[in-house]
Amino acid sequence: MKNSIKIITLLALSIMMAIPVVSQAADKKANNEVVMKMGGKVHLFHSSNVAAQKEIAINEVLQVYRKIDKNRQEKEVGAVKVLSFIGEHYFEAQIIKGEIKVGDIAKKGDASLLVQPAK
């Protein structure tokens, strides 16, 4: 009986000591997300297919979406204005509406472009 009480007590103490470590790790992950605001520049990655290059023009405004849950539902979070082409795989754009995170998707028609921070 005394051994089971000691084991239960030790187990309860170890769980209470582990809880702060887990919550600190979650806070760290949330702080590492890069949030880009209006006026900031971003790069839009595309797979270099010709359709994306022909479909998207300079000074065009694209809506930006974020996947919000496990069901892959999308929520509109902002808009970007395409400023220029950068090499084969990137467009440079400026945020004109909303707060955009790395990994959001800018869309026009069938073309989807991955938002990344400007370097």
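Residues numbered from 1 in each chain as written. Predicted model: local features only at pLDDT ≥ 70, side-chain atom pairs only at ≥ 80, totals over all residues. Heavy atoms only, no water.

1. So, the overall build of the protein
Thought 1: Within the protein, the regular secondary structure consists of two helices and eight strands.
Thought 2: Element order for the protein, N to C, with α for helix and β for strand: α-β-β-α-β-β-β-β-β-β.
Thought 3: Within the protein, buried positions represent 22% of all 119 residues.
Thought 4: For the protein, long-range pairs separated by at least 24 residues make up 59% of all intrachain contacts whose partners lie at least 6 apart in sequence.
Thought 5: Surface exposure of the protein reaches about 8,400 Å², of which carbon and sulfur atoms provide 58%. (Helix = DSSP H or I, 4+ residues; strand = E, 2+ residues; numbered from the N terminus. Buried < 20%, exposed > 50% of the residue type's maximum accessible area, 1.4 Å probe, protein only. Contact = heavy atoms within 4.5 Å. Areas by Shrake-Rupley, 256 points an atom, 1.4 Å probe, with all protein chains shown as cover.)

2. Focus on the environment of asparagine 59
Thought 1: Along the chain, asparagine 59 falls in the loop between helix H2 (50-55) and strand E3 (61-67).
Thought 2: In sequence terms asparagine 59 and valine 82 are 23 residues apart; their C-alpha atoms lie 5.0 Å from each other.
Thought 3: With near-sequence residues (within four places) excluded, asparagine 59 lies in contact with Lys81 and Val82.

3. Overview of the sheet that holds strand E8 (residues 111-117)
Thought 1: Pairing in this closed barrel of six strands is antiparallel, and the strands run E2-E5-E4-E3-E7-E8 around the ring. Averaged over all pairs of adjacent strands, the angle between strand axes in this sheet comes to 45°, irrespective of strand direction.
Thought 2: With seven bridges joining them, E3 and strand E4 (residues 74-86) adopt antiparallel strand pairing. Across the sheet, the residue bridging to valine 61 is lysine 81, located in E4. (Pairing = 2+ DSSP bridges. Axes fitted to C-alpha atoms, helices over the stretch in contact; angles between N-to-C directions.)

4. Points about the packing of aromatic side chains
Thought 1: Under the defined criterion, the tally for this structure stands at two aromatic pairs.
Thought 2: The positively charged end of lysine 107 is found above the aromatic ring belonging to tyrosine 65, 5.9 Å away from the centroid. (Phe/Tyr/Trp six-rings, centres within 6.5 Å; stacked < 30°, edge-to-face > 60°. Lys NZ or Arg CZ within 6 Å of the ring centre and 35° of its normal.)

5. A word on a nonpolar patch on the surface
Thought 1: A cluster of nonpolar side chains, contributed by Leu10, Leu13 and Met16, occupies part of the molecular surface with about 320 Å² of accessible area.
Thought 2: A residue is classified by how much of its surface remains accessible, and leucine 10, at 58% relative accessible area, is exposed. (Patch = residues over 30% accessible without salt bridge, like charges linked within 9 Å, V, L, I, M, F, W, Y side chains within 5 Å. Salt bridge = Lys/Arg side-chain N within 4 Å of Asp/Glu carboxyl O.)

6. Quick word on the nonpolar core
Thought 1: Val42, Leu44, Leu62 and Val80 are the most contacted members of the largest nonpolar core, which totals 17 residues.
Thought 2: Contributing elements (two or more residues each) for this core: strand E2 (41-45), E3, E4, strand E5 (90-98) and E8.
Thought 3: Not counting the four nearest positions on each side in its chain, leucine 44 is found in contact with Leu62, Val80, His89, Tyr90, Phe91, Ala93, Ala106, Leu113, Leu114 and Val115. (Core = buried A, V, L, I, M, F, W, Y, C linked by side-chain atoms within 4.5 Å.)

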